[in-house]
Amino acid sequence: MSKLPDPKECKKHVPVFIDEIIASTKSTTNYDLESMHKQYLLEKDSMLNQKKEDILILGFNLINDRLYQSFTGGKSPNGDITYQEKHLINEPLFSDVIGYSFRYKSLTMTIRDACGVIKTVVIRHGTDRDGKKVKWKTYGSKKYTPYKILKDEDFVCIFSGMAELLLMELFGFSYIGLQSDSMVRHLPEELKQLTQAKVLVILQDNDDSFRKIVPALEEFFTQSHKVITIDFEKVLEKDLPKGYDFRDFCNQIGNTEKIKNILKKGIQNGFRS
């Protein structure tokens, strides 16, 4: 875990990993998020030490085997992999962000603010109060917008979804992530200044819910250098199933360099601006 910054510097934006994401809102719950986080890390270690399936990402359909191998330089997750190999992709990401819940038999994810305070803990597959299955069950603040803006990166990806947040860290892209489509109204004002010289790349999910928030995103970021919306049906030149998103696109392409080249070429030419 990284050293916590001086409190006076907490709001200063610097390139960070997920465990130091700058938060935009305060959590209003009474959950002991720190205890939850520690417990999920312990349960993850227990699961990994039993040498069961790769619960970090593969076991929950976040990325497929082909994309995993592309990230790891050809190493396959199949067979008997060691604890170290399971952390091969991104050690800071997997050592203190990814956890596991025995109760829900599910991957978990922890998001911190710039001061290292946990703001949100999410469970990939959980249940609500009525016992119904839900994806990305949230403890803490759901309004909260994590982001990472790199000074030497020309573009910033905007998306909705927790799986995409993990992918952004794996790729090392600048990003702004909504925990859900409806959280667009909680975008922090400081993002307008931070993205003034950037190309904003909206990674559009193939559903009406996300399409409805695209105008709001374009309006919010009018001060940016340029705003581009990526419609994956146009990129791939074919009809795609409802709900198709950036994670599906990455899994379909299955090669990290090819994905980066497609995005960068599209940004230069303009997918739809």
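(A) Broad picture of the sheet that holds strand E6 (residues 155–160). The mixed open sheet is built from five strands, whose spatial order is E5-E7-E6-E8-E9. Strands at the two margins of the open sheet, each flanked by one partner only, are strand E5 (147–148) and strand E9 (226–231). Alignment of strand E8 (residues 199–204) against E9, held across six bridges, turns out to be parallel. By the bridge assignment, Gln204 is partnered in E9 with Asp231.

(B) Structural context of helix H9 (residues 246–253). By the criterion of burial, H9 is predominantly enclosed, with six of the eight residues buried. In this fold, the buried residues of H9 make contact with helix H2 (65–71), strand E3 (118–127), helix H5 (162–171), E8, helix H8 (232–236) and helix H10 (256–269). With a side-chain oxygen positioned 3.2 Å from the backbone nitrogen of Arg247, the residue opening H9 is Asp245. A positive phi of about 70° marks Gly254, the residue just after H9.

(C) Geometry of the pairing of E9. For E9, a buried count of five out of six residues is recorded, marking the element as mostly surrounded by other parts of the structure. In this fold, the crossover linking E8 to E9 by way of helix H7 (residues 208–220) has right-handed handedness.

(D) The arrangement of the sheet that holds strand E1 (residues 98–101) in detail. Strand order in the open sheet formed by four strands is E1-E2-E3-E4, with antiparallel pairing between adjacent strands. Two strands lie at the open edges of the sheet, namely E1 and strand E4 (133–140), each paired on one side alone. Going from strand to strand, the sheet's axes swing by 25° on average, the running direction of each strand aside. Here E1 pairs with strand E2 (residues 106–112) via four bridges, running antiparallel. Looking at the pairing, Ile98 lines up with Met109 of E2.

(E) Spatial organisation of the confidence of the model for the protein chain. On average, residues of the protein chain score 78 in pLDDT, and 75% of them are at 70 or above. Throughout residues 1–29 the model reports pLDDT below 50, and contacts reaching past four residues in sequence, or to other chains, amount to 76 contacts. Low confidence marks residues 79–88, where pLDDT is under 50. Its contacts with residues over four positions away, or in another chain, come to 23 contacts.

What counts and what doesn't
- Residues numbered from 1 in each chain as written.
- Predicted model: local features only at pLDDT ≥ 70, side-chain atom pairs only at ≥ 80, totals over all residues.
- Heavy atoms only, no water.
- Pairing = 2+ DSSP bridges.
- Helix = DSSP H or I, 4+ residues; strand = E, 2+ residues; numbered from the N terminus.
- Buried < 20%, exposed > 50% of the residue type's maximum accessible area, 1.4 Å probe, protein only.
- Contact = heavy atoms within 4.5 Å.
- Polar contact = N/O pair within 3.5 Å; in protein donor to acceptor, adjacent residues only side chain to side chain.
- Right-handed = clockwise from strand over helix to strand, strands pointing away.
- Axes fitted to C-alpha atoms, helices over the stretch in contact; angles between N-to-C directions.
- pLDDT = per-residue confidence, 0-100.

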